[in-house]
Amino acid sequence: MRSVVFLTAGLLAVTTLSGCGSGEPVSEPLAGPDIAPATRDRIEDGGTLRWAVDSVPQTLNTFQSDADATTARIAQASLPVMFRLDTRGRPQRAAEFLASAEVVRTEPKQVVVYKLHRAAVWSDGRAIDAADFAAQWHALSGRNSAFWTAHNAGYDRIEKVRRGKGDREVEVTFARRYADWRSLFSPLYPKDVMGTAAAFNEGARNALKVTAGPFTVTSVDRGRGNVTLERNKRWWGDPAKLERIELRAVPREKRTAELVAGRLDIAEVDAGQAGRITSAAPGPQGRPAPGDGRAAPLMGPGAARAAAPPLLAGASGAGSADAAAATLSWAALHGSDRRAAEAERAALRKRAEAERRFTAEQKGLSGFEVRKSLEPAYTQLALNGAEGPLADERVRRAVARALDREELAKAVLGPLGLPTDPVGSHVALAGQPHYADGSAALGGHDAGKALALLHEAGWKQGGPLKTPAAGAAGADARRKSSASPSSASPSAPSSAPASAAVSASPSPSSSAAEEEGDATYVVGQDDKPPARDAGEQRGGGVPGAYAPRGTAAPAGAEAAQLAKDGRPLTLRFVLPSGQGSESLRTVGERIQRMLRRVGIRTEISRVPDDGYFDDHIANGQYDLALYSWPVSAYPATDARPIFAKPVPAADGSLVVEQNYTRVGTDEVDQLFERAVTELDEEEGHELMRRADERIWTAAGSVPLYQRPQLVAARRTVANAGAFGFRTPLYEDMGFLAK
């Protein structure tokens, strides 16, 4: 999945937008692939690689709406691609399938000629040819609604596909110019799958009978949670080193146990699991730990204990608490209370057994290492601009400028030993040709400027504040006014505890207002004497010790809450509540503190993971939210629906495509359209940089940091792990020869 505006007023002048971008493209990604590379002669022939995945896919057709990451992995290993991505996220010709591919003319129509590898055949022996290309175009063109396609970008611009000068040549003519033509026909399915609507809709959901890659799909067992790929005997490229790849559906929280049990060879893991695996490394030859080798501090209570063996160290891990626990234990064992002594002996036996298991598990993990890089994806703060305070671009920009993005990136990536540079673009990542840091178009972290923007938008300290019954001014107020909480988020259980919504802004003096019948509260003007320190209350205040009115608060100090039209500036911040979302919740709490420094209060609502996106993000039931988007080599195509200006539908609803912030502008749309038709690559990159600057100024979303990629791999596994931008080469994966 790829998730998530124009200025008319405010402190930021539109003239700051330059035609050449506010930053220069960087030459290299922040982190390269970590795959334990080895030449093919060092890898043994044969073996089975057992690889953890999140699920067995519901379909093997990547162009259907329920395709997932495992669908894509299977396609990479078993189907033709015209272009693969290199370590910088640039498309490179896949020589095993393509002898060449180029634009041969642009007038009167753009024409691309593909020359296929002379040995390229499907697993049934039939040559890959123009008929396969034509069938895929017809299926994905969007002209026949009988084909249940998830998207048709690019294919809808094609006018015709035909055989070229020979059987191995395919000529594609475009009705409208298309800069991202390299994105097409990857993967390429056989005409048996694409030729009819019935075959497209159902033929590749449970099996791929015909393939053309280093592996074939021999089994999809949803009951056991396994997909089996086996070496393709008709593969004409370098033969696969592995005999078999087994993709096993293993929940994230169970992967450490499966690694220990020897049932997995490679698995993506979270920071806490990575810390534990690294701590099990045998002696100095172990690979460097993420951070200091312990669990990342963002992974929640108990993670640090899981990453190192402090089972005898007490809750604090060492020091005085250790000694105190030992003293109390000795006293219980040797005291006069027999029941207490027996309970203590039972506790010690239980503790010893736990340590024994832990030690055995650590020994089992010593054969693994953590390979780490950065995913081609970034985490962002999304600001819902549909209505409420965030409909005002000045408030959105104030929120963005209140954020210290460097602090957030360091908090997530620093403990993992990964580069901590914040992401500077909505459409590319460092290392990609079209990347430039466009954040200067909005401005950096500046609490003073954020406060000024809020004041300009009418949010003031000391404004009249209505009773709590009037509600706050964010999405929560909209939700309460139109529906009950359960109807607004149908996936949330009705029995959720009250603590599920953690309020960061309790209504000021609400109890006093109820007791005294006072219907209005003025922020900072409640007619109560100001708080005084102990010295002043004793009459011993120090002359000159109090700052005069108007003096700026110290850096990091919390600002008084802002109000407008009788409502406090309170935003509903929706976060997932699942076990794997600890880092998002911790980042959310840091953002909450940053916003308090400029007078913005947030109410954090923790919602179940399974309904987080569909019930809240996609439906617009939030003010602020954290989620991630993958970044593509083809942003003019793939990023366009994320930032497209929402348009009203005939029924009065809003068509948002993938723009879940509901913030967009005509100019951004125009720049994307120009970029997708610009065949000069440098000019196309420049158009995307300019679009990114406009997206920054609209502040519908704020990129924060590139997502970490942590993969536990058996030490003997080569050419697999944390790939970063790079497309995996499955034929080169295997086990090091002994």
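Please refer to the structure placed before this passage.
Keep in mind it's a predicted model, so treat the numbers as computed, not measured. (Residues numbered from 1 in each chain as written. Predicted model: local features only at pLDDT ≥ 70, side-chain atom pairs only at ≥ 80, totals over all residues. Heavy atoms only, no water.)

Take the sheet that holds strand 6 (residues 158–163) next. The four strands lie next to each other as 4-5-7-6, forming an open sheet whose pairing is antiparallel. Each edge of the open sheet carries a strand with a single partner, namely strand 4 (98–105) and strand 6. Adjacent strand axes in the sheet meet at a mean angle of 15°, parallel and antiparallel pairs treated alike. As paired elements, strand 5 (residues 111–116) and strand 7 (residues 169–174) share five bridges and run antiparallel to each other. Bridged to Lys115 within strand 7 is Glu169. Together, strand 5, strand 6 and strand 7 form the strand contacts of helix 2 (residues 130–140), whose direction differs from that of strand 6 by roughly 160°. (Pairing = 2+ DSSP bridges. Helix = DSSP H or I, 4+ residues; strand = E, 2+ residues; numbered from the N terminus. Axes fitted to C-alpha atoms, helices over the stretch in contact; angles between N-to-C directions. Contact = heavy atoms within 4.5 Å.)

Time to look at the pairing of strand 18 (residues 570–576). Within strand 18, seven of the seven residues are buried, leaving the element largely enclosed by the surrounding structure. Side chains of strand 18 alternate between two faces, with Thr570, Arg572, Val574 and Pro576 and Leu571, Phe573 and Leu575 buried alike. Both strand 18 and strand 19 (residues 601–607) contribute to a ladder of seven bridges, which runs parallel. By the bridge assignment for strand 19, Thr570 is matched with Arg601. With respect to chirality, the unit in which strand 18 leads through helix 17 (residues 582–596) into the neighbouring parallel strand 19 is right-handed. Note: strand 18 against strand 20 (residues 624–630), two bridges, orientation parallel. Counted as the bridge partner of Val574 is Ala625 from strand 20. (Buried < 20%, exposed > 50% of the residue type's maximum accessible area, 1.4 Å probe, protein only. Right-handed = clockwise from strand over helix to strand, strands pointing away.)

Glancing now at helix 9 (residues 338–365). The α-helix advances 3.6 residues per turn, and as a result positions three or four apart in sequence lie on the same side. If you check helix 9, its first and last C-alpha atoms are 40 Å apart, about what 28 residues at 1.5 Å a residue would give, namely 40 Å. Within helix 9 the residues assigned to the buried category are Ala341, Glu344, Phe358, Gln362 and Leu365. (Expected span 1.5 Å × (residues − 1).)

Most peptide bonds take the trans form, and the phi angle of most residues other than glycine is negative. Cis peptide bonds are those with omega within 30 degrees of zero, and the linkage from Glu107 to Pro108 qualifies with -5°. Following Ser186, the chain continues to Pro187 via a peptide bond in cis, the omega torsion being 0°. Take Pro187: it is sitting in the loop between strand 7 and helix 3 (191–194). Even without being glycine, Ala699 reaches a positive phi, approximately 55°. By the secondary structure assignment, Ala699 is in the loop between helix 22 (681–698) and strand 23 (701–714).

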